[in-house]
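# Summary of structural features
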Amino acid sequence: YPGEFRYKYPVAGAPNSRVTVMTFDIKNRVTRTLKLPLDADGYVPRIQFTPEADKLAVVTLNRHQNRMDIYMANPLSTECKLAVREENERYIGEQAYGSLKFYGNHFAYISDRSGYKHIYWYNLTGQLERQVTKGNYDVSDFYGYDPQTARFYYASHQESPTRTAVYCMDAKGRERKLSTETGSNQATLSTSLKYFLDVHSSAHQPPVTTLRQAAAGKLLSTM
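My aim in this report is to walk through the structure given alongside it, one point at a time.

What follows covers the overall build of the chain. Within the chain, the regular secondary structure consists of one helix and 18 strands. Counting only C-alpha atoms and orienting by the principal axes, one finds that the chain spans roughly 55 × 45 × 40 Å. Buried residues in the chain amount to 39% of all 223 residues. The long-range share in the chain, meaning contacts at least 24 apart out of those at least 6 apart in sequence, stands at 27%. If you average the places of the 28 positive and of the 22 negative side-chain charges in the chain, the two averages end up 4 Å apart.

Written as structure tokens, this is what we have:
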């Protein structure tokens, strides 16, 4: 049934809400506030668990939204250590923290620091280990990383800004195009990253969904 929702949002001239990040210890039933170096009018757009129990990833934005910080917070000690700072003269797009994904002692996200959107690979201490994709084109989606095969899966506009294709990149920087049709391709990968659904469409083709093998893009079935 229809319902009413109220959100705390300040009207013009009213003070902004102060944001804090807290943890709750289930065993000891203790609530702790993280010592997060957040501006008084800052944002916390994302909080993510990492594989390490003493590292909770907390993403912050300044009010102008042109500085993004990724902190590794210890839920027990409440100490927060800056891992990565991303700055832009104008603003940080949502795709940066929206694409943030963690794998073992690494994480990756999309940044446009080079003038184009590409995938960057870090370790949990915040050290940049590799720029995964390079070139005068934008990566539109980062689908995931397979630790067993060391492959990155993503979509980009390499052929044209109006076209999107699905690719994978191995540990040696060798790239393989997985989608075969020209136009727009959007992938949904399986949890195992062994298969993906590709929805293809173009100016001359209504959307067609196919099931493909992730490693080589082999067509398995037209849905």
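Before going further, it helps to examine the sheet that holds strand β16 (residues 195–202). Two strands in a sheet stick together by hydrogen bonds in their backbones, pointing the same way (parallel) or opposite ways (antiparallel). Reading across the sheet, the four strands line up as β15-β16-β17-β18 and stay open at both edges, with antiparallel pairing between neighbours. The two strands at the open ends of the sheet, each matched to only one other strand, are β15 (184–189) and β18 (219–222). Across this sheet, the average inter-strand angle for adjacent strands is 25°, counted without regard to direction. Alignment of β15 against β16, held across six bridges, turns out to be antiparallel. Bridge assignment links Gln186 to a residue of β16, and that residue is Val199.

Throughout the structure, instances matching the rule amount to 13 salt bridges. Among the salt bridges present, the one from Arg46 reaches Glu94, with a minimum N-O distance of 3.5 Å. On the criterion of sequence distance, the pair formed by Arg46 in strand β3 (residues 43–49) and Glu94 in helix α1 (residues 94–98) is long-range, its members being 48 residues apart. For Asp69, the salt bridge goes to Arg85, with nearest N and O atoms at 2.7 Å. Pair noted here: Asp69 is in strand β5 (residues 67–73) and Arg85 is in strand β6 (residues 80–87), with a separation of 16 residues, a long-range link. Taking relative accessible area as the criterion, Asp69 reaches 2% and is therefore assigned buried.

Side chains that are nonpolar tend, in soluble globular proteins, to be buried together. Within the largest apolar cluster, 18 residues are counted, with the highest numbers of intra-cluster contacts made by Met68, Ile70, Met72, Phe107 and Tyr109. Residue assignment for this core shows that the elements contributing at least two residues are β4 (56–61), β5, β6, α1, β8 (106–111) and β9 (118–123). In this structure, Ile70 is in contact with Val58, Val59, Lys81, Leu82, Ala83, Val84, Leu100, Phe107 and Tyr109, ignoring residues within four places of it in sequence. Residues Val139, Phe142, Phe152 and Ala165 belong to the second largest nonpolar core, which totals 16 residues.

So, on to the side chain of Thr23. Its place among the elements puts Thr23 in strand β1 (residues 22–25). Side-chain polar atoms of Thr23 contact the backbone oxygen of Pro75, separated by 3.3 Å. Beyond its immediate chain neighbours, meaning those up to four positions away, Thr23 contacts Val30, Thr31, Arg32, Leu34, Leu56 and Pro75.

The four strands lie next to each other as β7-β8-β9-β10, forming an open sheet whose pairing is antiparallel. Looking at which strands have only one partner, the edges of the open sheet turn out to be β7 (101–103) and β10 (128–131). Looking at each pair of strands side by side, their axes are set apart by 25° on average, direction ignored. In this structure, β7 lies alongside β8, joined through three bridges in antiparallel fashion. Within the sheet, the bridge partner assigned to Phe102 lies in β8 and is Phe107.

For the structure shown, the criterion picks out ten aromatic pairs. Relative to Phe152, the ring of Phe142 has its centre 6.4 Å away and its plane inclined at 35°; by these criteria the two rings are tilted. With Phe142 in strand β11 (residues 139–146) and Phe152 in strand β12 (residues 151–156), this residue pair connects regions lying ten residues apart in the sequence. Of the two residues examined, Phe142 and Phe152, each falls in the buried class. Summarising the aromatic geometry, the rings of Tyr145 and Phe152 are spaced 4.6 Å apart at their centres and angled 45° between planes, so their arrangement reads as tilted. Through successive ring pairs, a cluster of aromatic residues spans Tyr103, Trp121, Phe142, Tyr145 and Phe152. Note that Arg113 overlies the ring of Tyr120, its terminal NZ or CZ placed 4.1 Å from the centroid.

Conventions we followed
- The residue count restarts for each chain, going from 1 along the sequence in the order it is written.
- Confidence filtering applies because this is a predicted model: local features only for residues at pLDDT of at least 70, side-chain atom pairs given and counted only at 80 or more, and all residues used for totals across whole chains, interfaces and linings.
- The basis for the side-chain values is all heavy atoms of the structure; hydrogens and waters are excluded.
- What counts as a helix is a DSSP run of H or I of at least four residues, what counts as a strand is a run of E of at least two, and both are numbered from the N terminus.
- Only protein chains enter the area calculation, which uses a 1.4 Å probe; residues under 20% of their type maximum are buried, those over 50% are exposed, and those in between are partly exposed.
- Residues are treated as being in contact if the distance between any of their heavy atoms lies within 4.5 Å.
- The positive count covers Lys and Arg only, the negative count covers Asp and Glu only, and His and the chain ends enter neither.
- Where a charge lies is defined by one atom per residue type: Lys uses NZ, Arg uses CZ, Asp uses CG and Glu uses CD.
- Two strands pair under a simple rule: DSSP has to find at least two bridges between them.
- Fitted lines through C-alpha atoms give the axes, limited to the stretch in contact for helices. The angle between two N-to-C directions lies from 0 to 180 degrees.
- When a carboxyl oxygen of Asp or Glu is within 4 Å of a side-chain nitrogen of Lys or Arg, the pair counts as a salt bridge.
- Here, nonpolar core means buried Ala, Val, Leu, Ile, Met, Phe, Trp, Tyr and Cys residues that are tied together by side-chain atoms lying within 4.5 Å of each other.
- Throughout this description, a polar contact denotes any pair of N or O atoms lying within 3.5 Å of each other; where both atoms belong to protein, one of them has to be capable of donating a hydrogen while the other can accept it, and for residues adjacent in sequence the pair is counted only when both atoms sit in side chains.
- Here a pair means two rings of Phe, Tyr or Trp (six-membered ring of Trp) with centres within 6.5 Å. Their orientation is stacked below 30 degrees between planes, edge-to-face above 60, and tilted elsewhere.
- Here, a charge over a ring is recorded when the distance from Lys NZ or Arg CZ to the ring centre is within 6 Å and its angle to the ring normal is within 35 degrees.

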